[in-house]
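Structural overview for review
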Amino acid sequence: MDGKPNRVLACFSSQSGTSESLAERFCNDLNWKTEDFNLSIVRNTGDFEEPEALKKLEEYEIVIFFISSYGEGEPCDDGVKFFQTLKRWGTKLKQYSLFGCGNTYYDKYQAAAIELKQLMESNGCTLVGEFGQGNEANNSVLDDYDAWSFDYQPVISRLLNVPLKERTEYVPLYRILKPDEMNMQASITERHPYQEMKPFVSDIDLASVRKYGSNYVHFDLELHQEKSRLKYQAGDHVGIYPKNSRGDVDEMLHILGLDEKADPFIAVPFERLGTSGWRGKVFPSYREFFTHNVEINGALSRKLVQDLMSYFIRESATELRAELGMLIASQEVFRQKVLDRRLTLVKFFQKFGITRGTHYDTIPVSFVLEYLGPLKPRLFSISSSECVQPDRVGVMLKLVKDAGSGFDGVCSRTIEEIIGGRDRDGAAAGNAAAADIAGANRLPIYVKRSKFKLPSTLARPMLFVGAGSGMAPFRGFLQEICAQPHKLKQVTQIVVYFGLRSLTDEHYLYRDSFDEFRRVLGDRLVLRLAVSGGASTSPDGIRTKKYVQDLLREDAVAVVDQLVGRNGHVYVCGDAGGLSHGVRKVLVDVLGQARGSLKSGDQYVQYMQSMGRYREDVW
Ligand SMILES: Cc1cc2nc3c(=O)[nH]c(=O)nc-3n(C[C@H](O)[C@H](O)[C@H](O)COP(=O)(O)OP(=O)(O)OC[C@H]3O[C@@H](n4cnc5c(N)ncnc54)[C@H](O)[C@@H]3O)c2cc1C
Ligand SMILES: Cc1cc2nc3c(=O)[nH]c(=O)nc-3n(C[C@H](O)[C@H](O)[C@H](O)COP(=O)(O)O)c2cc1C
């Protein structure tokens, strides 16, 4: 580093790390290709949220924004204030570029990135290159980014007047230091409050576990309030850091040739060009590091495979290289053969018979870290109320399992293993640190605030619409209402539209809780069950298979009265694809018919949203 000012800023707004890691990858690539390690740097939009800091953006020749969209098309929490400051104070930034991360399941696809683009346009800033868009719905964010970056790099090279060197070999982003190169005393100061970057290690209350067939499981996580001071409200989310299974970690260590280094303790600190994550941390062993810190089962990308191929240099790898070359030649083929089959890196090696010693000699640890990234926390809607259980949060987990590909979600498997009592590996390996976090029934968690909250007055009708685990926050809301006499008194009408596959115990989640709520609320609580499994018609030809949308349509007259006549509220929770779109569409139809036109139905739903009377908690 020669102290020259940075010319390029990659500025991200990210919640679960996708935009952040793309910004880092972009800068790393640009710096290496120009051999100028001062050329670009990465920062969070949060660093520019004060008016004076915002002005600093103008010091860069170009700012490239990596923006993820959330909620009802908003930036994520870290970006909210930046957007507000930008709106209020404006910017004289001359030119900028933009890559957005989003998901077409959501109504407001890329809304935060689009808003930034509009703000920039209104400030007279020029967009350089294409507005890049990564769509998580197709599992193709990485591929979308690689395609955008491929086209964008010549553009920025011309703009900055710097030639780009062809990057023929992989250059590690992370440097692994040996214990004696590192101050082993380094540690993070423990301070409250516990949050995403510093989670609290919680116990699963095994007595609370309730399995619903093989699809769903409810469990409570202890907050140990006195120790953690963690608080929550019904409607908030809990983030859980899962752990990779011992088998997957073993395979990964084997791929990297680290098996013999797996245990016992060795230090594995990392240095990183980026902003957060592993930087400066010390890990007791590769095993512990890969178990708790790396998304080793994450989705692959064509670029990963392409760069991986540069290690397959042995004579015996010629055929393999040709086969993989065909695989990555087409985005569609890659999607079908790799992404749709949920191939993890380990499974990819198994499927293509890739073997160390036969096809390659070594693959740097840094390669895996860069392409697969840090292990992300998984979010869940809390299914309890602090009024009933202040020291525990309830979770209803729909287990992620794909029978076709044999893929198990990381968190799903972690929970299943804990519940099944099979999670003794940390202790068995004699690894105290791993055992401490992973042993028995412990998991790092944090509470994430959400806007999915009951209204301040409960006197107006409320429609709770959801399916499957989407019932979780409604159980929390109803617990909260039933536990507090003053709230209970206010309630006039709550209609729960519950989509489920069958009325058996396997799918009728929280049946006991709903029975209890009905006992307390009487006929002020109506439970409308939409059973979607089984035969679609009864023997006498009547349609029996129903979705919550069908019930809302059947109840059209009442719904119009509740929402328009009595200014009621709608809450939707569950699947961001079919369910939330479907419910919105039905309400637009129903309200539109009552108000004379579809357009006015849509306007009314938008009006409800703007008044906080239409809220979604969808994923
Ligand atoms: C705000 C919020 C609230 C939520 N609330 C709930 C809730 O209350 N209950 C609930 O059950 N869920 C909830 N979810 C969803 C839950 O967080 C996810 O289902 C979570 O990913 C499950 O974690 P997992 O580790 O078991 O699965 P993961 O390992 O994260 O896998 C999830 C999906 O990622 C994709 N994927 C992962 N690896 C690969 C790969 N190698 N190749 C291709 N695709 C891959 C697949 O589509 C897979 O199905 C919520 C999500 C959000 C954002
Ligand atoms: C709760 C939630 C809400 C979301 N809302 C939107 C949205 O309104 N529009 C959109 O395009 N994408 C939406 N997404 C998708 C995210 O933008 C996408 O997952 C992105 O890759 C996350 O980036 P990050 O890891 O940088 O936070 C949402 C995702 C979640 C989990």
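Please refer to the structure higher up on the page.
Residues numbered from 1 in each chain as written. Chains lettered and ligands numbered in written order. Predicted model: local features only at pLDDT ≥ 70, side-chain atom pairs only at ≥ 80, totals over all residues. Heavy atoms only, no water.

**Side note on the site of ligand 2**
Quick reminder of the rule: In this text, near means that some heavy atom of the residue lies within 4 Å of the molecule or strand in question. Under this definition, polar contacts are N or O atom pairs within 3.5 Å; protein pairs additionally need one hydrogen-donor-capable and one acceptor-capable atom, and for neighbouring residues in sequence, both atoms have to be side-chain atoms. Under the scheme used here, helices are H or I runs from DSSP no shorter than 4 residues and strands are E runs no shorter than 2 residues, and both carry numbers assigned from the N terminus. For this classification, the nonpolar set comprises Ala, Val, Leu, Ile, Met, Phe, Trp, Tyr, Cys and Pro, the charged set comprises Asp, Glu, Lys and Arg, and every other residue, Gly included, is treated as polar.
As a structural note, the neighbourhood of ligand 2 is formed by 20 residues, with Ser14, Ser16, Thr18, Ser69 and Tyr70 the closest of them. One nitrogen or oxygen atom from the main chain of asparagine 103 is found 3.1 Å from an oxygen atom belonging to ligand 2. Breaking the shell around ligand 2 down by element, the ones donating at least two residues are helix H1 (18-34), strand E3 (62-70) and strand E5 (95-102). Looking at the shell around ligand 2 residue by residue, the classes come out as five nonpolar, 13 polar and two charged.

**Brief notes about unusual backbone geometry**
The criterion, for reference: Note on exposure labels: buried denotes an accessible area under 20% of the residue type's maximum, exposed denotes more than 50%, and partly exposed covers the range between, all computed with a 1.4 Å probe on protein chains only.
Of note in the backbone geometry, histidine 224 takes a positive phi value of approximately 40° without being a glycine. Owing to a relative accessible area of 29%, histidine 224 belongs among the partly exposed residues under this scheme. Even without a glycine there, the phi angle at arginine 342 is positive, about 55°. For arginine 342, the position within the fold is in the loop between helix H11 (331-339) and helix H12 (345-351). Since its relative accessible area comes to 35%, arginine 342 is described here as partly exposed.

**Considerations on the nonpolar core**
To keep things clear, this is the line we draw: The definition of a nonpolar core used throughout is a set of buried Ala, Val, Leu, Ile, Met, Phe, Trp, Tyr and Cys residues joined through side-chain atoms within 4.5 Å. Every residue pair with non-hydrogen atoms within 4.5 Å of one another is taken to be in contact.
In this structure, Phe290, Phe312, Leu324, Phe348 and Phe349 are the most contacted members of the largest nonpolar core, which totals 44 residues. Sorting the residues of this core by element identifies helix H7 (246-255), helix H8 (286-293), helix H9 (302-309), helix H10 (318-329), H11, H12 and helix H13 (365-372) as the ones contributing at least two each. Ignoring any residue separated from it by four or fewer positions in sequence, one finds leucine 324 in contact with Val305, Met309, Phe312, Phe348, Phe352 and Ile354. Counting 32 residues, the second largest nonpolar core, distinct from the first, contains Phe474, Cys482, Val491 and Phe517.

**Describing the sheet that holds strand E17 (residues 462-467)**
Our working definition: When DSSP finds at least two bridges between two strands, those strands are taken to pair. Angles run from 0 to 180 degrees between N-to-C directions of axes, and those axes are lines fitted to C-alpha atoms, restricted for helices to the stretch in contact.
Spatial ordering of the open sheet is given by E19-E18-E17-E20-E21, a layout of five strands whose pairing is parallel. The sheet is open, and its two edges are formed by strand E19 (525-531) and strand E21 (614-618), each paired on a single side. Sheet twist, expressed as the mean angle between neighbouring strand axes with direction ignored, is 10°. Of the pairings in the sheet, the one linking strand E20 (residues 569-574) to E21 comprises five bridges and is parallel in character. By the bridge assignment for E21, tyrosine 571 is matched with arginine 615.

**Describing H1**
Worth spelling out the cut-off: To estimate the expected span of a helix, subtract one from its residue number and multiply by 1.5 Å.
Look at H1: 24 Å from first C-alpha to last across 17 residues, which is about the 24 Å you get at 1.5 Å a residue. Taken across its 17 residues, H1 has 15 buried, putting it largely inside the fold. Two residues or fewer after H1 comes glutamate 35, characterised by a positive phi angle close to 55°.

**Examining the sheet that holds strand E9 (residues 216-222)**
Ordered in space as E12-E10-E16-E8-E9-E13, the six strands form an open sheet in which the pairing is antiparallel. With one partner strand each, in any of the chains shown, strand E12 (378-381) and strand E13 (392-398) form the two edges of the open sheet. Strand-to-strand twist across the sheet, computed as the mean angle between neighbouring axes with direction ignored, equals 40°. Judged from the seven bridges that link them, E9 and E13 form a sheet pairing that is antiparallel.

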